[in-house]
Amino acid sequence: MDPKKFKCSSCGLTADYNHFGQTPLKTAKKNIVLLEKAYTMRNPFKSNDGEFLVVGAHCSICGDVVCVDPDCSLFYSKRFCLNCASNNINEFPLPIQKEILHNCKSR
Amino acid sequence: MDSFNWERHRTTLNKIFFRDKDFIKEGTKEYDDFWLFFKKFQVYEARRKSKESHSASSSNLSSSLDIPMQYHPRYRINISIVTKDIDEKVHSHRHHKEKKKRKRKHQSYDDDFGCEDDELSSERISQFRSVILHYLDFCQKQDFVKLKKLKTEQANLPIAHYKDEIVKAIKENKVAIVAGDTGCGKSTQVPQYLIEAGFTHVACTQPRRIAAISLSKRVAYETLNQYGSEVAYQIRFEGTKTKATRILFLTEGLLLRQIQQDHTLKQYNVIILDEVHERHLQSDFLLGLLKILSSSSHRDDLRLVLMSATINLELFSEYFQGSPVIQVPGRLYPIQVQYLPIPVEEQTGKTSRLDPRPYVRILQRIDKKYPSSERGDLLVFLPGMQEITTVEGASQAYAEETGRWIILPLHSTLSIEEQDKVFDMAPEGVRKCILSTNIAETSVTVDGVRFVADSGRVKEMSYDAQYKMKKLQEFWISRASSEQRKGRAGRTGPGVCYRLYSEDDYDALADYSTPEIQRVPLDSLILQMKSMGISDVRSFSFIEPPPEGAMNDALRVLTEHGAIDSDENITALGEMLAQLPVDVAIGKMLIMGSLFDFIEPVMSVASVLSVQSPYTRSAYNNPEACTRRRPIESDHGDPITLLNLFDEWIQMKSDSRSSSRKWCKRRCLEEQRFYEMANVKRQFQDLLKDNALLAAIDDKDIPETSYKRRQRHADKKRLRELKNEERFQSRKRKVLKRTDGKYEIDNSDDDNDNADDHPSTSITSNVKDLEFKIRHDLDKLYKASSVRRNFTLRDIIMLKIILVSGLYPQLAFPDDCNNYSPDSDQIFHTKNKLFVVLHPNGYFSHHPQELEPTGREDNSLKKEGQSGHRGLLGHRHQLLTYVSLLETTKPYLVNTMRVPALQTLLLFAQSLDTNADCRRIVADGWIEINLVDPNAAQSIIASMLQLRNAWDQLLKLRLEATKNESHEGFTLVRKSKKLQHFLSKKLAEFLDSRLEYRLRRFTTLERQKLYVGPGVNDDDVVEGGFGISMTKAAPDAVKGGMKLADYLTYNCLQELEESSLSGDYLRQFWTCPVCQIKMPMTVGERLRHQAACGGSNAEETNQETAADSKTSTSIPQLQRSYHCDVCDEDFMFSAVEILKHKRTHKA
Ligand SMILES: [Zn+2]
Ligand SMILES: [Zn+2]
C-alpha cells in the first residue's frame, strides 16, 4: 500500500491516497461500492483499518482531478468540477443550481 | 418517513444491516451514532417533503449532461451499498414472518405484531438503506472537513513560508539554527519537512517526556498515520520505535545515553535539538558534545538542527559560528498588557503568606469588563503550591457567590486525573480560572486562555553545595519568562495580560533565567563526562561554563564516593555508577547490593527512591487512609515503608481478585507511581545484568507454558486495541459540571470506588495494567516481593547497611533537647547544617518515639562532671540517614531511616580517629563515640579493619569480574564468593555487637582542636622484628598519630584529661585471639596485627587475595617470597603464614 500523491487542481490540497477506483480500499468492507472512480485513503480519523475516506475524483467533463470539497467540486450522479458546473449551470435541477451559485460566490 | 415505528424493528434491522461484516457493526459507537443521526434525519426529511410539495416539481427538461433533472437527494451521494445479500436477507425474513403469522392464526393468538402497516415492507427496507447511505455520506463529509482543516492549518503556519529555506539550509550546512516563537509550528513541521526532503532517520530531542509523546502523536496525526510507526517516541521506559521509524521524538537524557553507547550516533542522519533556549543541564551538555561531533570528520553526513525561541539567539549563533539562522515569526494575536502592582499593604513579607485579594480582584475586573457571553479563560501564574492553595480558597468563595468561575489548580504534584481537568470545558457563561505554577509556562498548554495574570514570581529548586541541600526558593522571573507567560494569552485570539508588578519591576528583571548548569549539583554530569572519556572536564567547551566551585564540589563528592581517584581519573566503581541513570548515592546502593547477593530488595528501594512519592496530597489528612496504611509502615523509616508499599501493591496486582486501583485509592496512593517504580526496577535489572553485576536469571531455561504464551499474546492484542481506542477518545474534551458548589467533570469518578465506569479513565488504566503485565512477569515480581521474602530482622539490618553504604555521609544527629512527641518538631543536625527538622510527611514525624535514645545514666561518670561523658550509656544509639535535604519554609530531612550509630560510623566514616586506648573514636570529625572497656574498643576496631578490608577487596574483585567473562573471571567469582561468605558472617557479628557506649556531637569550636598535630604520637612505626604480620602504618602528617588505614588514624586525638597515660608506649604481653600468638605489643601494633591476621574463616581468602593483588592494603609488611613445592606456586608470606600454609597440606 505505497501511498501515492493526490493533488486537487482547484484548491491545491495534497494527500497520500491508497487506492483509485470504484471500490474504496482493498481492506474496506466488501458491501460498499462507489458510484464514481475515486481516490480513497485509509481514514486517518478512524481507528479501524477498514475505514476509508474519499478525497477526490476526476471531473466527468474536463477530467481534472478535484477534491470533494464543495468549493472545488460537486457530485450529482456524476462528479463535476465547480468550473464545469458553473459553465453548465442550466443543465442542473434547481436546487443544485442554487448550490453552484452559492459555492461559486463563497470561493 | 411518517409515524412508522422503526424502533420496534431494531432487532430485524440489526440482522439485515448491522452484522459483523457490515460497515456499521451492532453495539459499536458508530452504531449508536447512526441511530442518533437516524432520528434527526427523519425530522429533516419530514420538513423537506413538506417544502417540496409547496414548490412542486421543478422543470422536466432533460439535461445534456445525462443526469436526472428530477431532483432527489440520493443522487448527491457517491456511495452505494451492495444490495444482493440484503435482498436475500429481507426475503428470508419475510418468509420467516409469514410462517410465524400463519402459525399464530392457527393458534388464534392476539396479533401483537400489529397490522400490515407496521410491517417492514421492502419499501421500508429500501428507505432505511437510503438513510444509511446518507449517514455514510455525512461521515465522509465530516472527516474530509477534518482533513482539509488539518492541511490548511499546516499551510497557514508561519513556518510554512520558510519551508524551502529551512530545508536548503540544513542540506547545505552541518549545523543550522531555526528560531521561532510559540505557535510558529517548528516542533511539528521541521521533522516532517526533513522526511519529505529525503532524510530517513531524524531524531528530535525534547526536554520533557510528555512533549516527546504528544509531539509524536501530533506529527503522526498530521502525517495522517500513513507512515504507521514511522513517527515514534522513545522515553525512559517506553517507546513506539520500530525498524521503520523515520522520525523519533526522544528525551535529551536518552540521546545522551545513546551517545554513551555510540559516540558517533550512526543511527541518525539528522539530530534536532528542540527548545535549546530552555538551557537544561542535559541540553547544554548535548550542545557541547554534538558541536564536537559535527566538527569531527567521523560524521560528515550528520546534520544538526538547533531549534529555539527567539530569545538569546546571539549566544547560540556565536557558539556555532558560521551556521545559518532562520528566524520565523511566532503567531500570536495582539496582547494588551496592564501593570497592576500590588499595593504595599497587600504585599507579602518574607515570612507572611501571600495575600489573595489582588488575585480575586482580577476575577472581578474581568467580570466587570467582559460580558460572560464572550468566552475566554484566565490563567494565573503563582510562585508555588502553597500560594495556589491560598488563592484557590479565596477565589473559590468568589466563584461560588457569582457562579461565573471554575477554579482549577495546576501543579506537578496533582494526580494525572486532576491535572487533566484543566483541559475540560467550562459550561456556557462560566470561565475557568487556572491557578498554576510555572508548569503552564512551557510544559502544559491550555487552549482557550484569553487572560493571563502574572505574579512575576517563581519558586525554583536551587542547590546549596555546602550543605548538599536542595532549596525551594522564590525568585523574580526573568523578562524572557515574563514574555512567555504573557504569550499564553494570545494563542487563540487577542488577549490581556495583567502583571501584578510595576513596569519598573519589569524593566529590572533579568534578561534570561539562570541556566540549569549554574544552579544544580554537577556530580552526575561530571561522572558521565568522565565515563565518556572527557578527562579534562574543566576545559570542556560548554556554551556557558558552570561555576568552577560547583565543579570542584562535584569532583569532591565523586572522590568521596570512590567514583574517581585522587588524580580525578574515573575508577571501576565510577564507570559502573555512570551506567546507572540515578544519583551517585542510589547507584552505589545498587552496586553494594549486588556485592552481597542482596540485590532484589535493594533494587526495589532504589526504585521507590527514584520516583516521585506515591502519596497523594490528601494522604496525610485522611484518617481512614492513614489507618489503612499503618500495617504496611515500617518503624525503620521511610525507605523501608516505601518498599513495603511497593511490595504490597505488587501483591495486589498479582491477585486477580483484588483491584490494585481500589487499593491505592483507599490508601491515598497514586497508582501511576507504582507503575513507574516497576519500570525503574526493571531498568535497574537490565542495567545490572548488562554490567554483570546481576547474574542473568535463567529465564530461558524455564519454558513458557502454552497457556501463558497464549495469554501473553491475547494481552498484547487487547493492548493494541485499547491503545487505538484511547487515541481516539483522548481528544474529546469533557464539560465541567457543578456539584456541591464545586465544579467537577461530568460523570466524575472522585470518591467512587467503582471508578471503572468512567470510560476514558478506565481505558487509560486498563492500558497501563496490560502494559504492566506484558512488560513484567508478575509471578517473578511477586516471588521477589517481601511477602515471599520472609524478611528476618537481620535481613532488614543487612538491607539498611547496604542502603547506608550508598547514602553515607547523609547522616543526622538528634538534638539533646528533643522530646520525641509527635506534636512538636524534632531537631537534628547534620555535619554541616545545624537545626534541620523531620519532614512532616515522613514516618518519624508521626512516630518520633521510635527515635528516643535508650540507655542508662552513668552516675559514676556524672559525678566527675566531664562534658565528654555526657549522654546515656547504651548499645542502641541511633542516627538518621536521609535521602535528601530540602529547604522550603524550614530545612527538612526527606526520606529518613534510623540506623545503629556505632556500626554505621565505623563502617562508613571517611575518617576515624582514636585516642591511645581506643576508647574514644571520632567519626568524620564531628561525632564522638565513647566506649567503656578499652579491650572491647580495640577488638571492635580490629574487626572493623578486617571488615572494611574485606569489603574493599570484594568490591574490587566484583568489578574486575565484570570485565572478565573468561576462565579468569570464573576464579574471580569463586574467590569473591568466599570473601562474600566471610564478610556476611563477620558483618552479622559486628552488627549484633552489644557494646555499650556514649555518643555525642562536637561543637564547631571543639572540632577545631581535636588533634595532637603532626609529629606527635607517631614514633611507633615498628619496622619488624617479631616476624608476625602487620598492616602498614605511617605517621599522619596532619593530625598526628599513626595512619593505620586510609580512613583510620590511631592516637591522634587530644586527650581531654591528663589522667590517662598514653597507652601506646607501653608494650604489654598480648595474645592474638586468632592466631594465638603471644607477644609484648603496643595497642597500635595489636590493631595492625589483627587487621592483617584476619578472622579464622577469612584466613584462606585473605591469603589468596593478598598474594594476588599486590596493591592490597592488607599486605603484611613482614612477608617474604615463599615457594610452596606442593602447590608449585610463589607466595608472599609471613613466617606464621608459611607455617599455616604448610599445615593446610598436611590436613
Ligand atoms: Zn480542492
Ligand atoms: Zn471540469
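For every chain, the first residue of the written sequence is number 1, and numbering continues from 1 onward in sequence order. Chains and ligands are labelled by the order in which they are written, letters from A for the one and numbers from 1 for the other. In view of the model being predicted, local features appear only for residues whose pLDDT reaches at least 70, and side-chain atom pairs are presented and counted only at 80 or more, with totals across whole chains, interfaces and linings using the full set of residues. With hydrogens and water excluded, all non-hydrogen atoms of the structure serve as input to the side-chain values.

1. Thoughts on the overall build of chain A
Turning to step 1, where the next piece is worked out: For the purposes of this entry, the term helix denotes a DSSP run of H or I that reaches at least four residues, the term strand denotes a run of E that reaches at least two, and both are numbered from the N terminus. From N to C terminus, chain A includes two helices and nine strands.
Turning to step 2, where the next piece is worked out: When the elements of chain A are put in sequence order from the N terminus, they spell out β-β-β-β-β-β-β-β-β-α-α.
Turning to step 3, where the next piece is worked out: Burial statistics for chain A: of 107 residues in total, 51% are counted as buried.
Turning to step 4, where the next piece is worked out: In what follows, a contact means two residues having at least one pair of non-hydrogen atoms within 4.5 Å. Expressed as a percentage of contacts within chain A between residues at least 6 apart in sequence, the contacts between residues at least 24 apart total 25%.
Turning to step 5, where the next piece is worked out: Only the protein chains shown count as cover for residues, and the accessible areas themselves come from Shrake-Rupley with a 1.4 Å probe. Put simply, chain A shows about 4,900 Å² of open surface, and 49% of that area lies on carbon and sulfur atoms. Each residue gets one of three labels from its accessible area relative to the maximum for its type: buried under 20%, exposed over 50%, partly exposed in between, using a 1.4 Å probe on protein chains only.

2. Examining the overall build of chain B
Turning to step 1, where the next piece is worked out: Helices and strands together make up the secondary structure of chain B, namely 39 helices and 34 strands.
Turning to step 2, where the next piece is worked out: Per-residue burial over chain B gives 53% buried out of 1147 residues.
Turning to step 3, where the next piece is worked out: In the form shown here, chain B has an accessible surface area of approximately 53,900 Å², with 50% of it arising from carbon and sulfur atoms.

3. Description of the coordination of the zinc ion (ligand 2)
Six octahedral donors around a metal ideally make angles of 90 or 180 degrees; four tetrahedral donors ideally make 109.5 degrees.
Residues and elements named next belong to chain A.
Turning to step 1, where the next piece is worked out: Here a donor is any nitrogen, oxygen or sulfur atom (N, O, S) within 2.8 Å of the metal, with 3.2 Å used for Na, K and Ca; water is not among the atoms considered, so some sites may look incomplete. Here the zinc ion (ligand 2) is held by the protein donor atoms Cys 59 (SG), Cys 62 (SG), Cys 81 (SG) and Cys 84 (SG), which lie 2.2 to 2.3 Å from it.
Turning to step 2, where the next piece is worked out: Read in sequence order, the donor residues coordinating the zinc ion (ligand 2) give the pattern C-x2-C-x18-C-x2-C. Here Cys 84 lies in helix H1 (residues 82-87) and Cys 62 lies in the loop between strand E6 (52-58) and strand E7 (65-67), a separation of 22 residues in the sequence.

4. Structural notes on a negative patch on the surface
All names here are of chain B.
Turning to step 1, where the next piece is worked out: A surface patch of like charges, here negative, comprises Asp 1125, Asp 1128, Glu 1129 and Asp 1130.
Turning to step 2, where the next piece is worked out: Following the sequence through the fold, Asp 1125 ends up in the loop between strand E33 (1120-1124) and strand E34 (1129-1133).
Turning to step 3, where the next piece is worked out: Under the relative-accessibility criterion, Asp 1125 is labelled exposed at 68%. In this analysis, a patch consists of residues with relative accessible area above 30% that form no salt bridge, clustered at 9 Å for like charges and at 5 Å for the nonpolar side chains Val, Leu, Ile, Met, Phe, Trp and Tyr. Basic side-chain nitrogens of Lys or Arg form a salt bridge, by our definition, when they fall within 4 Å of a carboxyl oxygen of Asp or Glu. Charge assignment in this entry is limited to Lys and Arg as positive and Asp and Glu as negative, and neither His nor the chain termini are counted. Think of each charge as sitting on NZ of Lys, CZ of Arg, CG of Asp or CD of Glu.

5. Focus on the sheet that holds strand E3 (residues 19-21) of chain A
Turning to step 1, where the next piece is worked out: Strand pairing is assigned whenever DSSP identifies at least 2 bridges connecting the two strands. Across the sheet, which stays open at both edges, the four strands sit in the order E3-E5-E6-E7 (chain A) with antiparallel pairing between neighbours. Of all the strands in the sheet, the pair left with one neighbour each is E3 and E7 of chain A. When strand polarity is set aside, the average angle formed by the axes of neighbouring strands in this sheet is 30°.
Turning to step 2, where the next piece is worked out: Bridging between strand E5 (residues 38-42) of chain A and E6 of chain A involves five bridges; their strand directions are antiparallel. Among the inter-strand pairings, Met 41 of chain A is bridged to a residue of E6 of chain A, identified as Leu 53 of chain A.
Turning to step 3, where the next piece is worked out: Only C-alpha atoms enter the line fits that serve as axes; for helices the fit covers just the stretch in contact. Angles between N-to-C directions range over 0 to 180 degrees. In the packing of helix H4 (residues 122-156) of chain B onto the sheet, the strands contacted are E5, E6 and E7 of chain A, and the crossing angle to E6 of chain A comes to about 80°.

6. Let's talk about the pattern of salt bridges
Residue and element names in this part refer to chain B.
Turning to step 1, where the next piece is worked out: In the structure shown here, the tally under the stated rule is 55 salt bridges over all chains.
Turning to step 2, where the next piece is worked out: Two residues, Arg 485 and Glu 441, come together in a salt bridge whose shortest N-O distance is 2.8 Å. With Arg 485 in helix H15 (residues 479-487) and Glu 441 in helix H14 (residues 439-442), this residue pair connects regions lying 44 residues apart in the sequence.
Turning to step 3, where the next piece is worked out: A residue is classified by how much of its surface remains accessible, and Arg 485, at 0% relative accessible area, is buried.

7. Points about the coordination of the zinc ion (ligand 1)
Residues and elements named next belong to chain A.
Turning to step 1, where the next piece is worked out: For the zinc ion (ligand 1), the protein coordination sphere consists of Cys 8 (SG), Cys 11 (SG), Cys 67 (SG) and Cys 72 (SG), at 2.2 to 2.4 Å.
Turning to step 2, where the next piece is worked out: Given four donor atoms and angles of 105 to 118° at the metal, the environment of the zinc ion (ligand 1) is assigned as tetrahedral.
Turning to step 3, where the next piece is worked out: Donor residues for the zinc ion (ligand 1) sit on one chain with the sequence pattern C-x2-C-x55-C-x4-C. Of this pair, Cys 11 sits in the loop between strand E1 (4-7) and strand E2 (14-17) while Cys 67 sits in strand E7; the two residues are 56 residues apart in sequence, bridging distant segments of the chain.
Turning to step 4, where the next piece is worked out: Residue Cys 11 is classed as partly exposed on the basis of its relative accessible area of 34%. Note on geometry labels: four donors, all angles 85 to 135 degrees, give tetrahedral; four donors become square planar and six octahedral when opposite donors are over 155 degrees apart and every other angle is between 65 and 115; remaining cases are irregular.

8. So, helix H33 (residues 901-908) of chain B
Structurally, the α-helix is built with 3.6 residues per turn, so residues lying three or four positions apart point the same way.
Turning to step 1, where the next piece is worked out: Most of H33 of chain B sits out of view: eight of its eight residues are buried.
Turning to step 2, where the next piece is worked out: Buried within H33 of chain B are the following residues: Ala 901, Leu 902, Gln 903, Thr 904, Leu 905, Leu 906, Leu 907 and Phe 908 of chain B.

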